[in-house]
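Results of the structural survey
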Amino acid sequence: GFDLQLSQDIAGLGGEVNYLRTEIEGGIYYGLPFGFRASFRGNAGYIAGWGGDDVRINDRFFKGGSSFRGFDVAGIGPRQLIVDDVTGEIIQEGDAIGGNVFAIGSFQLEVPLPLPESFSLGSALFVDFGTLGVVDSASRQSLSLGDGTSLIVDDSASLRVSAGVSVFWDSPFGPVQFDFAQPLEHEEYDKTEEFRFSTRTNF
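Treat the numbers as computed from the prediction; the structure is a model and nothing was measured.

1. Quick notes on the overall build of the protein chain
- Secondary structure summary: the protein chain contains zero helices and twelve strands in total.
- The order of helices and strands in the protein chain, counted from the N terminus, is β-β-β-β-β-β-β-β-β-β-β-β.
- Oriented by its inertia axes, the alpha-carbon framework of the protein chain measures out at about 65 × 45 × 30 Å.
- Pairs at least 24 residues apart make up 60% of the contacts formed inside the protein chain by residues separated by at least 6 positions.
- Put simply, the protein chain shows about 11,500 Å² of open surface, and 57% of that area lies on carbon and sulfur atoms.
- Taken as two groups, the 13 positive and 29 negative side-chain charges of the protein chain have centres that lie 6 Å from each other.

Structure, rendered in structure tokens:
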């Protein structure tokens with residue numbers, strides 16, 4: 001089967017914040033022999049200010065955690081960095097500031113476990129990939145700290161990739177998921193995460 005969802009939010013009709021945010025999300029699921037199931041899910045979003053407004057940091061997209069396995073919550077995307085003015089070396093990693101554009105895809109192969117159904121356990125192999133970036137020019141301006149270092153924002157919007165294994169359990173308290181992930185492509189300053197526990201919903 002498949003599912004598809006498109007949503008739009010507009011702010012500024014009577015308020016002081018002006019933006020238009022668009023997101024699209026969907027998935028395709030295909031049954032295979034011997035209880036295997038393949039799927040692809042993708043989602044993307046874009047937010048832009050209007051009426052001369054830039055997008056505020058709390059209105060931008062933040063990705064990671066359950067939305068991008070292998071990375072911590074707000075673990076990818078534009079980030080404040082303190083760098084050496086001469087060498088460009090990263091001295092300290094600062095806060096994530098979110099992005100105005102993102103696109104994330106995920107391939108997954110559900111693998112049946114050789115266990116009785118009463119165990120209510122399942123597993124899957126996955127590869128997640130995507131990017132997050134593009135902030136307004138005012139948020140990309142660097143600031144000299146006066147000690148040979150500067151505060152900058154890295155907004156490279158480079159590709160991130162992770163792969164791993166998920167374990168599903170239909171527990172008495174509801175379906176839960178354990179993700180064991182390894183980032184394969186990432187920036188030096190990204191916040192990675194090799195294990196995550198979360199709740200789960202089924203299509």
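2. Some words on the pairing of strand 9 (residues 149–154)
- Summarising the sheet, strand 4 (residues 79–84) and strand 9 pair through six bridges and their orientation is antiparallel. Bridging from a neighbouring strand, Asp 84 pairs with Thr 149 of strand 9.
- Across two bridges, the pairing between strand 8 (residues 143–144) and strand 9 is antiparallel. Directly across from Leu 143, in strand 9, lies its bridge partner Leu 151.
- Connecting the antiparallel pair strand 8 and strand 9 is a turn made up of four residues, with Gly 146 showing a positive phi of about 80°.

3. Some points on the layout of surface pockets
- What the second largest pocket holds in volume is close to 220 Å³.
- Partitioned by chemical class, the residues of the lining of the second largest pocket number six nonpolar, three polar and three charged.

4. A short note on the packing of aromatic side chains
- Within this structure, the stated rule accounts for seven aromatic pairs.
- Seen in terms of ring centroids, Phe 61 and Phe 102 are 4.8 Å apart; in terms of plane orientation they differ by 65°. Their pairing is edge-to-face. One end of the pair, Phe 61, is in the loop between strand 3 (37–49) and strand 4; the other, Phe 102, is in strand 6 (residues 101–111), and 41 residues separate them in sequence. Each member of the pair Phe 61 and Phe 102 is classed as buried.
- Taken together, the ring pairs connect Phe 178, Phe 180, Phe 195 and Phe 197 into an aromatic cluster.
- Positioned above the aromatic ring of Phe 102, the side-chain terminus of Lys 63 is 4.2 Å from the ring centre.
- Positioned above the aromatic ring of Phe 126 is the side chain of Arg 69, whose terminal nitrogen or guanidinium carbon lies 3.8 Å from the ring centre.

5. Comments concerning the sheet that holds strand 11 (residues 174–185)
- Reading across the sheet, the eight strands line up as 1-2-3-6-7-10-11-12 and stay open at both edges, with antiparallel pairing between neighbours. Each edge of the open sheet is held by one strand with a lone partner, namely strand 1 (2–11) and strand 12 (195–199). Neighbour to neighbour, the strand axes of the sheet diverge by 20° on average, direction disregarded.
- Looking at chain direction, strand 6 and strand 7 (residues 121–133) are connected through eleven bridges and run antiparallel.

6. A few points about empty space enclosed by the protein
- One pass over the structure, following the stated rule, counts one cavity of 30 Å³ or more.
- Approximately 40 Å³ is the volume found for the largest cavity.
- Mapped by element, the contributors of at least two residues to the lining of the largest cavity are strand 11 and strand 12.
- Split into classes, the residues belonging to the lining of the largest cavity amount to two nonpolar, two polar and five charged.

7. Side note on the pairing of strand 1
- A small share of strand 1 lies buried, amounting to one of its ten residues.
- By the bridge criterion, ten bridges tie strand 1 to strand 2 (residues 19–31) in an arrangement that is antiparallel. Within strand 2, the position partnered with Ser 7 by the bridge is Glu 23.

Rules and cut-offs
Residues numbered from 1 in each chain as written. Predicted model: local features only at pLDDT ≥ 70, side-chain atom pairs only at ≥ 80, totals over all residues. Heavy atoms only, no water. Helix = DSSP H or I, 4+ residues; strand = E, 2+ residues; numbered from the N terminus. Contact = heavy atoms within 4.5 Å. Areas by Shrake-Rupley, 256 points an atom, 1.4 Å probe, with all protein chains shown as cover. Lys, Arg positive; Asp, Glu negative; His and termini not counted. Charge placed at Lys NZ, Arg CZ, Asp CG, Glu CD. Pairing = 2+ DSSP bridges. 1 Å grid on protein atoms, 1.4 Å probe; cavity = no way out; pocket = protein on both sides within 12 Å on 5 of 7 lines; lining within 4 Å. Points joined across faces, edges and corners; volume = space filled by probe spheres on them. Nonpolar A, V, L, I, M, F, W, Y, C, P; charged D, E, K, R; others polar. Phe/Tyr/Trp six-rings, centres within 6.5 Å; stacked < 30°, edge-to-face > 60°. Buried < 20%, exposed > 50% of the residue type's maximum accessible area, 1.4 Å probe, protein only. Lys NZ or Arg CZ within 6 Å of the ring centre and 35° of its normal. Axes fitted to C-alpha atoms, helices over the stretch in contact; angles between N-to-C directions.

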